[in-house]
Every structure is written in structure tokens, then in C-alpha cells.
Amino acid sequence: MMGDVPITIENDVPIKFVNGNEFLLKHKKNICTEADKLLKEILPTRIAKLDTLRKNPRFSWEKIQQVRECAVSGDKIVVNAYLQECITQLKPYMQEFIDHCFVLRTWITLLVPKIRGRRQPRGAGPI
């Protein structure tokens, strides 16, 4: 038992809890809820958006040759306009997917003890 301990989380909002387990259970529930929403709603729509981008002629395999072309002028490297456009289009999606992956990784980590509990006890191997 921790007693009344004020802590701050995100945006310096103080949170008081009597028992550390209450806080952890609430955090676990939030992660599970967010992961469920990600898997059922958000990721399928984002994947569909990326698929439409992939089908766009700007992202065709023939355009890959333009990415490989590079121009060096003296001490400067000329920025490839096509590559810059691809980065501008895809970077927000990739950053968002990285954030989603962290949530899903945490969710899976929280599920591991449940999975392990249904099998043989830890350390007990086949005879």
C-alpha cells in the first residue's frame, strides 16, 4: 500500500491514488481499450488509405528509377523532388504506425502473463 501519493502524468495533471494497483489496473484497462480500438477501427482505415496511395501512379514501380537518380553539384546534394514528395506523403503515416505499434506491443506484453498462466507453470518443461 502506498498511501495518498500525488503523482503527475501527461500535461502535469496531478493524480491521487490510494493503492498503486488501482492506478496500474486503470492504465492496463486504458491500454487494452486503445489496442482494441486500434485493431478494430483505426488500423483497417489507415491501411486502406495507404493502399489507395500505393495504387496512385505517383507511387508506381516505374517511379523507383527516379528515386535512384541523385545529383551532386559541387559541395551540395540536389534534393530529389520525387523522393521529397514521397517522404512528405508517407512520413505522417509511418510516425502514426510507430505510435500504434508501441501501444500494441504494450498490450501484448500485458497479455503474456494470461497466456503463460493457461499453460504449464514457468520452468516446468516436458518430461
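Draft legend 1. Seen up close, the overall build of the chain. Within the chain, the secondary structure is distributed over 3 helices and 4 strands. Going from N to C terminus, the chain has its helices and strands arranged as β-β-α-α-β-β-α. Burial analysis of the chain (127 residues in total) assigns 14% to the buried set. Counting every atom, the chain has about 10700 Å² of accessible surface; 60% of that belongs to carbon and sulfur.

Draft legend 2. Spotlight on the nonpolar core. If you look at the biggest cluster of nonpolar residues, it comprises 12 residues: A35, L38, L43, L50, L53, F59, Y82, C86, Y93, F97, V103 and L104. Of all elements in the fold, only α1 (20–55) and α3 (81–118) reach the threshold of two or more residues within this core. Apart from residues lying up to four places away in sequence, L38 is in contact with L43, P44, H100, V103 and L104.

Draft legend 3. Local environment of the side chain of H100. Note on placement: H100 falls in helix α3. The class for H100 is buried, based on a relative accessible area of 11%. Apart from the residues within four sequence positions on either side, H100 is in contact with L38, I42 and L43.

Draft legend 4. View of the pattern of salt bridges. According to the stated counting rule, one finds 4 salt bridges in the structure shown. Across the salt bridge formed by D51 and K55, the nearest N and O atoms sit 3.3 Å from each other. Note that D51 and K55 are positioned in helix α1 at a spacing of 4 residues, about one turn of the helix. For D51, a relative accessible area of 30% gives the class partly exposed. Residues joined in a network through salt bridges with shared partners are D51, R54 and K55.

Draft legend 5. Quick peek at the environment of T88. Within the secondary structure, T88 sits in helix α3. Within the local environment of T88, its side chain forms a polar contact with the backbone oxygen of Q84, the two atoms lying 2.8 Å apart.

Draft legend 6. Region of the structure containing the confidence of the model for the chain. Of all residues in the chain, 64% attain a pLDDT of 70 or more, and the chain-wide mean is 75. Put simply, strand β1 (residues 5–9) is where the chain has its lowest mean pLDDT, 50, and α1 is where it has its highest, 88.

Draft legend 7. Fine view of the environment of K63. By secondary structure assignment, the location of K63 is in the loop between α1 and α2 (64–68). In this structure the C-alpha to C-alpha distance between K63 and L83, which are 20 residues apart in sequence, comes to 9.6 Å. Setting aside its immediate chain neighbours within four residues, K63 contacts P57, R58 and Y82.

Each value, and the rule that gives it
Residues numbered from 1 in each chain as written. Predicted model: local features only at pLDDT ≥ 70, side-chain atom pairs only at ≥ 80, totals over all residues. Heavy atoms only, no water. Helix = DSSP H or I, 4+ residues; strand = E, 2+ residues; numbered from the N terminus. Buried < 20%, exposed > 50% of the residue type's maximum accessible area, 1.4 Å probe, protein only. Areas by Shrake-Rupley, 256 points an atom, 1.4 Å probe, with all protein chains shown as cover. Core = buried A, V, L, I, M, F, W, Y, C linked by side-chain atoms within 4.5 Å. Contact = heavy atoms within 4.5 Å. Salt bridge = Lys/Arg side-chain N within 4 Å of Asp/Glu carboxyl O. Polar contact = N/O pair within 3.5 Å; in protein donor to acceptor, adjacent residues only side chain to side chain. pLDDT = per-residue confidence, 0-100.

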